[in-house]
Amino acid sequence: MRESPGPRGLSWQALGAVATGVMLAIPYNYAGFYPLTWVAFVPLLVAVHGSSARTHYGLGLLSGISMYLVATPWMVEFLQVLKDYAFIPALAGALLFWLLTAQLQAFLMLSWRWAQRLSGQYALWFFPVLVMAFFGWFPVLFPLQLGESQSAFLPAIQGAAFTGVYGLDLMIGISNALVTAGVLRVMGRHTGIEGRYGKAVAMAGVAALAAWLGYGWWAVDHWDRQVGTWPTLAVGLVQSNETPSASVPDPEPGYGRAWPPEMALSGKLAAAGAEVILWPETRYKGYFEVDHVPAAFLRHVARLGVPLVFHDAEQQGRRADFREYNSSVFLDARGELAGRYRKHRLVAFGETLPLSREFPWLVGWASDYLGDFFANLTPGSERVSFPVGGARLVPAICYESAFPGHVARSVSATPDSPLLVVLSNNGWFGDSRQPWQHAGATVLRAVENRVSLVHVINNGPSTVVSPSGRLLAATPFRERIGMVADVPYTPAGKAFRSWFTQWPEWFAVIFPALGLVALVAVRFRRR
């Protein structure tokens, strides 16, 4: 069956691709615009309708570039801070990043063109599965999953406790497919809902959306009431607002390695009743390298009488046995080292270099090009938690919060009463919207695992999130400030593990596999 041609004129097609990119990007920057995501693909799907594979790829690429240009303009400032580049070289590096990352949508659309050839009139209904698979698995430096733009739409994110953000991506794809079918029908074009089977699939899509959102409305109320009965932990958040630096910075005037600005703020939080104090990820504290720092921290924390969690670079061994880790450090109320967590998921080209073990010479090249920013760290392997009061803090460091499966496994390894704690340094991204994007994405980690989450960001906004995804507290952006928040946690003896916590990637693997089986079945049925 020959498809009807798409909209005439390359300019109109390009406009549709750009519109899709912009509509996808805006909710990442401003969460209140979340409805745009549910219809954002419609202009692109209409634009490519009936077009060649080359057009699908090209318009998908244009859409991806538009999306990342609007969602991640901070890449320019990031490179300026990182390498002290002038604007033009930083822009060139950002353009390369946008071009490479935009391949996600380019290959998404190319794959959909392939699905059209195999499935004919049913092609539109394979698009949601492709959306989920590509946004979930396509390799990019800074992952941006569609569902992570929906942190303000609480009913929509509740199902993530079963499927992870992957199920939410699927629902967004279904919504876009249904609206596209309606638009194409108004335009008098082939829609994919003709015939008995097409209508049945469309009705199933509507039913899935209704069930997903219906459950969401119920779950928000259920979990809000449930959390209201839980015990709370008074958590002190220190937002240091430290200026980022690729090299190890000198202490600020009036402070030193033994008495950093965070320690001064911690005293005020302890006096306000904090039961544990969290510092954000920063460049360097010297706890593992400067001889007098551990003893000084022991004295200060013991005087406060409150446990402390902070971040530092950890060095172990010498020469050939030297290892450096990105670590969260836990000092108990006596100031003694009671635990540490070593970051598992390292940032490519910043903390680790792909294939560096197979090709050691790459490490020397990266050190020359990236300078002090490239650390060639060793990834950690242990999943740990820090006991405080009746809760157990489950640590993650910055970039790790972008990996749903990693966070779920850390929560699953915690014996009882988990409370997620993310320490981040987003000062690298200047005054951009990136810190809000990061804070919004971590909301999904709280819902996926049905645990409370505290996200301490160096330059803010630091946030406290309930298991329903509701924002309980937040600090202002770009201020050095401290805050004490009462954070609910699961009562001892009432352990709860969400479906996603127990089986993190089940949906993201099984559903695309079922989609592939269905595509093959449709192909054979058409013969």
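Residues numbered from 1 in each chain as written. Predicted model: local features only at pLDDT ≥ 70, side-chain atom pairs only at ≥ 80, totals over all residues. Heavy atoms only, no water.

Asks: Explain the side chain of Thr414 here, please?
Replies: If you trace the backbone, Thr414 turns up in the loop between α15 (404–412) and β8 (418–424). In terms of polar contacts, Thr414 uses its side chain to reach the backbone carbonyl oxygen of Ser410, at 3.0 Å. Excluding its chain neighbours within four sequence positions, the residues that come into contact with Thr414 are Ser385, Arg392, Val394 and Arg497. (Helix = DSSP H or I, 4+ residues; strand = E, 2+ residues; numbered from the N terminus. Polar contact = N/O pair within 3.5 Å; in protein donor to acceptor, adjacent residues only side chain to side chain. Contact = heavy atoms within 4.5 Å.)

Asks: Got a minute to help me understand the confidence of the model for the protein in this structure?
Replies: Parts of the prediction with low pLDDT should not have their coordinates interpreted in detail. Taken as a whole, the protein shows an average pLDDT of 90; of its residues, 91% reach a score of 70 or greater. This stretch, residues 1–7, has a pLDDT under 50; its non-local contacts, to residues over four places away or in other chains, come to 18 contacts. (pLDDT = per-residue confidence, 0-100.)

Asks: In this structure, what is going on with the pattern of salt bridges? I would like to understand it.
Replies: It is possible for side chains bearing opposite charge to pair when their charged atoms get close. Under the counting rule described, the total for this entry stands at 13 salt bridges. For Asp224, the salt bridge identified is with Arg470, shortest N-O distance 2.7 Å. Here Arg470 lies in the loop between β10 (463–465) and β11 (471–474) and Asp224 lies in helix α11 (residues 195–227), a separation of 246 residues in the sequence. Owing to a relative accessible area of 34%, Arg470 belongs among the partly exposed residues under this scheme. Among the salt bridges present, the one from Glu336 reaches Arg334, with a minimum N-O distance of 3.6 Å. Here Glu336 falls in the partly exposed class, since its relative accessible area comes to 38%. When its relative accessible area of 54% is taken as the criterion, Arg334 is described as exposed. (Salt bridge = Lys/Arg side-chain N within 4 Å of Asp/Glu carboxyl O. Buried < 20%, exposed > 50% of the residue type's maximum accessible area, 1.4 Å probe, protein only.)

Asks: What should I look at first to understand the packing of aromatic side chains in this one?
Replies: Aromatic ring pairs: the centre-centre distance and the angle between the two ring planes describe each pair. Per the counting criterion, the structure on display carries 33 aromatic pairs. Ring geometry for Tyr57 and Phe107: centres 5.7 Å apart, planes at 80 degrees, overall edge-to-face. One end of the pair, Tyr57, is in helix α3 (residues 53–71); the other, Phe107, is in helix α6 (residues 103–119), and 50 residues separate them in sequence. For the pair Phe97 and Phe142, a centre-to-centre distance of 6.1 Å together with 65 degrees between the ring planes defines the contact as edge-to-face. With a gap of 45 residues between them, Phe97 in helix α5 (residues 87–101) and Phe142 in the loop between α7 (127–137) and α8 (154–157) connect regions that are remote in the sequence. Residues Phe97 and Phe142 agree in their burial class; the two are buried. Looking at Arg342, its charged tip hangs above the ring of Tyr325, at a distance of 4.1 Å from the centre. A cation over an aromatic ring shows up here: Arg433 above the ring of Trp436, its NZ or CZ 4.2 Å from the ring centre. (Phe/Tyr/Trp six-rings, centres within 6.5 Å; stacked < 30°, edge-to-face > 60°. Lys NZ or Arg CZ within 6 Å of the ring centre and 35° of its normal.)

Asks: I keep staring at the packing of α3 against α5 and nothing clicks. Help me out?
Replies: For any two helices packed against each other, the geometry is given by the interaxial angle and the distance between the axes. At a minimum axis separation of 8 Å, α3 and α5 run at an interaxial angle of 130 degrees. Taken together, the axes of α3 and α5 lie oblique to each other. Considering only the axes of α3 and α5, their crossing is right-handed. Only Trp98, Leu99 and Thr101 of α5 make contact with α3, whose side of the interface consists of Leu61, Ile65, Tyr68 and Leu69. Here the contact of α3 with α5 is composed, by residue class, of 6 nonpolar, 1 polar and no charged. (Axes fitted to C-alpha atoms, helices over the stretch in contact; angles between N-to-C directions. Parallel < 35°, antiparallel > 145°, perpendicular 65-115°, else oblique. Left-handed = near helix turned anticlockwise from the far one by under 90°. Nonpolar A, V, L, I, M, F, W, Y, C, P; charged D, E, K, R; others polar.)

Asks: What should I look at first to understand the nonpolar core in this one?
Replies: Membership of the largest hydrophobic core comes to 92 residues, with the highest contact counts inside it found for Phe41, Met75, Leu108 and Trp112. The element best represented in this core is helix α10 (residues 165–186), accounting for 10 residues. Counting residues in each nonpolar core, the second largest holds 25 residues, with Val309, Phe330, Tyr341 and Val454 among its members. (Core = buried A, V, L, I, M, F, W, Y, C linked by side-chain atoms within 4.5 Å.)

Asks: Looking at this structure, I do not really get the sheet that holds strand β1 (residues 232–239). What am I missing?
Replies: Each strand in a sheet pairs with its neighbour through backbone hydrogen bonds, running either in the same direction (parallel) or in the opposite one (antiparallel). Spatially, the 6 strands line up as an open sheet ordered β5-β4-β3-β2-β1-β12, and their pairing is mixed. With one partner strand each, in any of the chains shown, β5 (337–342) and β12 (481–488) form the two edges of the open sheet. The sheet shows a mean angle of 35 degrees between the axes of neighbouring strands, taken without regard to direction. Where strand β2 (residues 276–278) meets strand β3 (residues 308–316), 2 bridges bridge the pair, whose relative direction is parallel. Its bridge partner lying in β3, Leu278 is registered against Val309. Along the sheet face, helix α12 (residues 261–271) touches β1, β2 and β12 and points at about 150 degrees away from the line of β1. (Pairing = 2+ DSSP bridges.)

Asks: Looking at this structure, I do not really get the pairing of β5. What am I missing?
Replies: Regular strands place side chains that alternate from one sheet face to the opposite one. Judged from the 5 bridges that link them, strand β4 (residues 323–331) and β5 form a sheet pairing that is antiparallel. The residue bridging Ser328 from the neighbouring strand is Tyr341, located in β5. In this antiparallel pair of consecutive strands, β4 and β5, the connection spans 5 residues, and Gly335 shows a positive phi of 85 degrees.

Asks: Can you help me understand a nonpolar patch on the surface in this one?
Replies: Residues Trp137, Val509, Ile510 and Leu514 make up a contiguous nonpolar surface patch of roughly 400 Å² in combined accessible area. Among the elements that line the nonpolar patch, the one with the most residues is helix α18 (residues 506–526), at 3 residues. (Patch = residues over 30% accessible without salt bridge, like charges linked within 9 Å, V, L, I, M, F, W, Y side chains within 5 Å. Areas by Shrake-Rupley, 256 points an atom, 1.4 Å probe, with all protein chains shown as cover.)

Asks: Please explain the sheet that holds β11 as it appears in this structure.
Replies: Pairing in this open sheet of 6 strands is mixed, and the strands run β6-β7-β8-β9-β10-β11 from one edge to the other. The open sheet terminates on both sides in strands that have one partner only, identified here as β6 (386–388) and β11. On average, adjacent strands in this sheet sit at an angle of 20 degrees to one another, irrespective of strand direction. Bridge count for strand β9 (residues 453–457) against β10 is 3 bridges, and the pairing is antiparallel. Bridging across to β10, Val454 finds its partner in Val464. On the sheet, helix α16 (residues 434–449) packs against β8, β9 and β10 and is oriented at approximately 160 degrees with respect to β9.

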